[in-house]
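Overview (structure and organization)
Chain by chain, the residues run as shown.
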Amino acid sequence: MLINPYYIINMKKCQVENILIDINSKGKIRDWRGKKMSSLGLAKSYKGIADKMKPEYEARGVHNRYKKVRRKIKNEAGEVTGIVINDEPMGLYDKDGNRVVNYEKRAENMRFCGSFLEFAKIYENLKLTKANFCRVPLCPMCQWRKAMRVFWDTSKIMRVIEERYPNYIPLFLTLTVRNCSAEDLSNNLNNIFSAWDTFMHSKTLRPLVNGKREYIIKGWFRALEITYNDTADTFHPHFHSIMLVDKNYFKGKDYMHTEDWVKLWRKSAKLDYDPVCDIRRTRTTKGKREEVAEVAKYTYKDAEILSKKLSADKKDEIVKSLSTAIHGRRLYAYGGVMKEISAELKVDADKADLVKVNDDNINPALVKMILTYHWNMGVSNYTLSKKIELAKERAGTKNA
Ligand SMILES: [Zn+2]
């Protein structure tokens, strides 16, 4: 492996200043700093939105709601010795009882996202063991972790499929609709999400064979991506998907050309124009699994919107539209055999662990050190705040 000399100089400087350097298996530096900076930028946008929303929220009588929660107090023997009643926050509501987004809280949570990171040092590698991630849907730091997780989960599912269904071949299908304004984004998303169901349940994809419905698509994975076009000030929501078909599909009468996919998607989404659809097969059979898992990373590109050159007000406006539009939606989903296997493997993209993004288990005997880094506002980077040398501690206990 060839290391860029700039890296070496930079790494020495980092070592002296105790700045975090985390290198992945391909020898590349993991961009913790960059993600943290992006999250801080987005937190600023959320704060901006919160401030702008204040008059509207006041007019709508937005207030915090609490519910009474009763908890038993038990002593060491497990006997109930008393009861405490606490007021626990339920969120923000307007005077008509509608729940509203708490931008202030999102800003606050995102600002502290990944403010501390704890790693186990194994040989020269760092393995994340603890962190405080905010899980706000648009957070760049959380999306980055989630993309890794979804990549890993999807590779795992594909590995099972290769063993169990060697005849299944993945197709990559992108389904789009025309760009739309911020006002139409939510309605457009409602439409394409329900169009997806119509599409998958259509007679074209579930033809009647000898009186029985057959599935052409044996399994699928779907990820929503929304890109933003700054020249036209429009949003472009679309699905990236993986469709598994039997290899006989390519020779049979069910085979679909691009125009057939276009026709089916047009009908499912009730469009009065021919939408752009892209269908392709994997380029290689060898790297199939990897290529498939790559698709899983797509929605991650949402964070790119933030790096566009836009005024702060415009950015706030886009963030607000996006966060309202994706609120409560499943951005990733599996279907058919991929769903079955995901259930077997207990994979759930929405609740995925963002600390542990793969299944590599840590062998405690190999952990030499536990390193804790904190985000340091002054140097705008992660600096070491705590170091526990386990090897020495173990030797120490032996001597004593
Ligand atoms: Zn986060």
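Bear in mind that the values here come from a model prediction, so they are computed numbers and not experimental data.

Digging into the sheet that holds strand β11 (residues 277–281)
The strand order across the open sheet formed by five strands is β11-β6-β10-β9-β12, and the pairing between neighbours is antiparallel. On the outer flanks of this sheet lie β11 and β12 (332–335), each paired with one strand and no other. Going from strand to strand, the sheet's axes swing by 20° on average, the running direction of each strand aside. In this structure, strand β6 (residues 168–176) lies alongside strand β10 (residues 234–246), joined through nine bridges in antiparallel fashion.

Re the nonpolar core
Of all hydrophobic cores here, the largest spans 97 residues; its most connected members are Trp 32, Tyr 46, Phe 133, Phe 199 and Trp 265. When neighbours within four sequence positions are excluded, Phe 133 is seen to be in contact with Trp 32, Cys 113, Gly 114, Leu 128, Met 141, Cys 142, Arg 145, Leu 354 and Val 355. Formed by five residues, the second largest nonpolar core is a distinct cluster that contains Ala 120, Ile 122, Val 367 and Leu 390.

Concerning helix α4 (residues 140–164)
In this model, α4 (25 residues) spans 36 Å end to end at C-alpha, consistent with the 36 Å of a helix rising 1.5 Å per residue. Counting buried positions along α4 yields 19 of 25 residues, so the element is predominantly enclosed.

Focus on the coordination of the zinc ion
Note on the zinc ion: its protein donors are Cys 113 (SG), Cys 134 (SG), Cys 139 (SG) and Cys 142 (SG). The metal-donor distances range over 2.2 to 2.4 Å. Between the four donor atoms coordinating the zinc ion, the angles at the centre fall across 102 to 116°, so the site counts as tetrahedral. Between consecutive donors of the zinc ion, the numbers of intervening residues give the motif C-x20-C-x4-C-x2-C. One end of the pair, Cys 113, is in the loop between α3 (103–111) and β4 (116–122); the other, Cys 134, is in the loop between β5 (125–131) and α4, and 21 residues separate them in sequence. Cys 113 gets classed as buried once you look at its relative accessible area, which sits at 1%. Since its relative accessible area comes to 16%, Cys 134 is described here as buried.

Calculation notes
- Residues numbered from 1 in each chain as written.
- Predicted model: local features only at pLDDT ≥ 70, side-chain atom pairs only at ≥ 80, totals over all residues.
- Heavy atoms only, no water.
- Pairing = 2+ DSSP bridges.
- Helix = DSSP H or I, 4+ residues; strand = E, 2+ residues; numbered from the N terminus.
- Axes fitted to C-alpha atoms, helices over the stretch in contact; angles between N-to-C directions.
- Core = buried A, V, L, I, M, F, W, Y, C linked by side-chain atoms within 4.5 Å.
- Buried < 20%, exposed > 50% of the residue type's maximum accessible area, 1.4 Å probe, protein only.
- Contact = heavy atoms within 4.5 Å.
- Expected span 1.5 Å × (residues − 1).
- Donors = N, O, S within 2.8 Å, 3.2 Å for Na, K, Ca; no water.
- Tetrahedral: all angles 85-135°; square planar, octahedral: opposite > 155°, others 65-115°.

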